[in-house]
Amino acid sequence: MNKSAAWLVIFFVVLIWSGINPKDQFTWFLEVAPALIALPILIYTRKSFALTSLAYGLILIHCIILMVGGHYTYAEVPLFDWISDWTGGERNNYDKVGHFAQGFIPTILAREVFIRLNVVKVGAWCNFLAVCFSLAFSAFYELIEWWVAELTGEDAEAFLGTQGYVWDTQSDMAMALIGGISAIVLLSRLHDKALRTKLKLEKL
């Protein structure tokens, strides 16, 4: 089984599991919608602008995070209920994992596009702008959550996942910022290596 086939198998296995008796059907759809939108885009661009294996792997991880959150709702993921009980916390913090990923993964994707399309050279400015992109994406997603809440009323409460925390929106964006910076610190060298390998293969 090649990498693409394995990617699709994992994606659909988790998606199917996620969609079986979710906590709330409407919330499930809202949470997994980004993954469902991303899939045809990735398939369509596979030949014209194939990403590195690292980028595809990170996207899959992000999709899985969304699907788990969709199945349980972000406020009721069992593992994080247990962590909250064990640490004496008052809320389920799985949503912060999601927002960390919302900064971590888009930063690498933005960095890859910037470098491969020669938008900006590899270096500090490239990394800075990639983090800025992920933070802007996070802010835009918060706007989407607001619009959905306005349109659907109480039905979107589980989608928002604020759990009564007044600074939830700001802390979500802060987690995305931390995620973006972490991606640069932890993966920029590995990403550069993956990009060099990708470019060499394309020249063959």
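Residues numbered from 1 in each chain as written. Predicted model: local features only at pLDDT ≥ 70, side-chain atom pairs only at ≥ 80, totals over all residues. Heavy atoms only, no water.

Let us now look at unusual backbone geometry. Of note, Asn21 is a non-glycine position whose phi angle comes to about 50°, a positive value. Structurally, Asn21 is set in the loop between helix H1 (3-19) and helix H2 (25-44). For Asn21, a relative accessible area of 70% gives the class exposed. Phi is positive for Asn118, which is not a glycine, with a value near 55°. (Helix = DSSP H or I, 4+ residues; strand = E, 2+ residues; numbered from the N terminus. Buried < 20%, exposed > 50% of the residue type's maximum accessible area, 1.4 Å probe, protein only.)

For Ser171, the position within the fold is in helix H8 (residues 168-203). In this structure Ser171 comes out as buried when scored by relative accessible area, which is 16%. Here Lys96 takes part through its side chain, which lies 2.6 Å from a polar atom of the side chain of Ser171. (Polar contact = N/O pair within 3.5 Å; in protein donor to acceptor, adjacent residues only side chain to side chain.)

With their axes 9 Å apart at the nearest point, H1 and helix H3 (residues 53-72) run at an angle of 10° to one another. Taken as axis vectors, H1 and H3 run roughly parallel relative to one another. Along its contact with H1, which presents Lys3, Trp7, Ile10, Phe11, Val14, Leu15, Trp17 and Ser18, the element H3 presents Ser53, Tyr56, Gly57, Ile59, Leu60, Cys63, Ile64, Met67, Val68, Gly70, His71 and Tyr72. Here the contact of H1 with H3 is composed, by residue class, of 14 nonpolar, five polar and one charged. (Axes fitted to C-alpha atoms, helices over the stretch in contact; angles between N-to-C directions. Parallel < 35°, antiparallel > 145°, perpendicular 65-115°, else oblique. Contact = heavy atoms within 4.5 Å. Nonpolar A, V, L, I, M, F, W, Y, C, P; charged D, E, K, R; others polar.)

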